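# Structure at a glance
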Amino acid sequence: MRRLFPVTDPAPNATDTDREWPLAELAALYAYPEPLPEAGVLRANMVTTLDGAAFHDGRSQGISGPGDMRVFGVLRALADVVVVGAGTARGERYRPAKAREAFAAARAERGQAPAAAIAVVSASLDLDFTLPLFTEPVVPTLVLTGAEAPAERVAAARRQLAEGGPQLLGRLIAADTVDELCLTVSPFLTAGDASRIAHAPQALTTPARLRPASILAEDGFLFTRYVRDTAA
Ligand SMILES: NC(=O)c1ccc[n+]([C@@H]2O[C@H](COP(=O)([O-])OP(=O)(O)OC[C@H]3O[C@@H](n4cnc5c(N)ncnc54)[C@H](OP(=O)(O)O)[C@@H]3O)[C@@H](O)[C@H]2O)c1
């Protein structure tokens, strides 16, 4: 993995060299802003093919790769809560987030639970509550459903990570709530009718502009992080 942006070497066209990035270094690159804004930070993490598909054969696995999974794991390890649409929780057979030894000390220092809680957004509540996601989590899984949503539980989670899918992310963007987007561009073309990473019945009146905070590259994949100016 190497860093394309920001460039640390002042030489023209310089880039970082290819090397293994220790998890701690990746975690430092993707750290949430300190101090955290009062309202917290909502970061989204998605992967897209070159032609804009958010999944292949109904799953994102086929358009992901080892580097993407490493970044995915680091982003989870930094979050208080992972917010996911019920479509993704059902389709990707979501399991509870794991407590990982590599991140235990840093999480404890930040006053975080050993693993992020998963919060599933669902209107229908068509969820299988006998699955490990609900029966075996390190931190109890939340279900957010319309007027019943425990808003105080969500507000208490200040480092939020939305892992999609496109319907949920579309609504979060349309509500102008997304502070950051960590987008992996994977080196595939798929055509087909897979949706792009976000869609909602309505678009923002004025497109929200983000600025690049970092771009890493590995094995043809680009790992981008874009932020609103209110975030880091
Ligand atoms: N490329 C990526 O990074 C990425 C990431 C995640 C998922 N995916 C892929 O995306 C696909 C699934 O995405 P999707 O767009 O169909 O589903 P989704 O966004 O994961 O979930 C949609 C569901 O979430 C619930 N929901 C969303 N907004 C809501 C709101 N405002 N209020 C109440 N409930 C709400 C509803 O659940 P109910 O139906 O239960 O009411 C809705 O049907 C899968 O193929 C998955 O592999 C790709």
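Overview of the structure. Fair warning: this is a prediction, and the values are worked out from it, not measured in the lab.

### A short note on the sheet that holds strand E5 (residues 142-144)
Strand order in this open sheet of 9 strands is E1-E8-E9-E7-E2-E6-E3-E4-E5, and the pairing throughout is mixed. Looking at strand neighbours, the two that pair on one side only are strand E1 (2-5) and E5, the edges of this open sheet. Direction aside, the axes of adjacent strands within the sheet are offset by 20 degrees on average. By the bridge criterion, 6 bridges tie strand E7 (residues 180-186) to strand E9 (residues 221-227) in an arrangement that is antiparallel. Note that in E9 the partner of Leu 181 across the bridge is Tyr 226.

### Section: the environment of Met 1
Inspection of the secondary structure assignment puts Met 1 in the segment before E1. Along the backbone, Met 1 and Ala 174 are 173 residues apart, and their C-alpha atoms lie at a distance of 33 Å. Sequence-distant contacts of Met 1, defined by excluding residues within four places in its chain, comprise Thr 17, Asp 18, Arg 19, Trp 21, Leu 26, Gly 67, Arg 70, Val 71, Leu 216, Ala 217, Glu 218 and Phe 223.

Analysis parameters
In this numbering scheme, every chain counts its residues from 1 along its sequence in written order. Local features in a predicted model are, by the rule used here, given only for residues with pLDDT of at least 70; side-chain atom pairs are given and counted only at 80 or more, and totals for whole chains, interfaces and linings are based on all residues. With hydrogens and water excluded, all non-hydrogen atoms of the structure serve as input to the side-chain values. We treat two strands as partners when DSSP finds at least two bridges between them. A run of DSSP states H or I qualifies as a helix once it reaches four residues; a run of E qualifies as a strand once it reaches two. Both are numbered from the N-terminal end. Lines are fitted to the C-alpha atoms to define the axes, a helix being fitted only along its stretch in contact, and any angle between axes, read from their N-to-C directions, falls within 0 to 180 degrees. A contact between two residues is defined here by any heavy atoms of the two lying within 4.5 Å.

The quantities given are spatial measurements derived from coordinates; they are silent on function.
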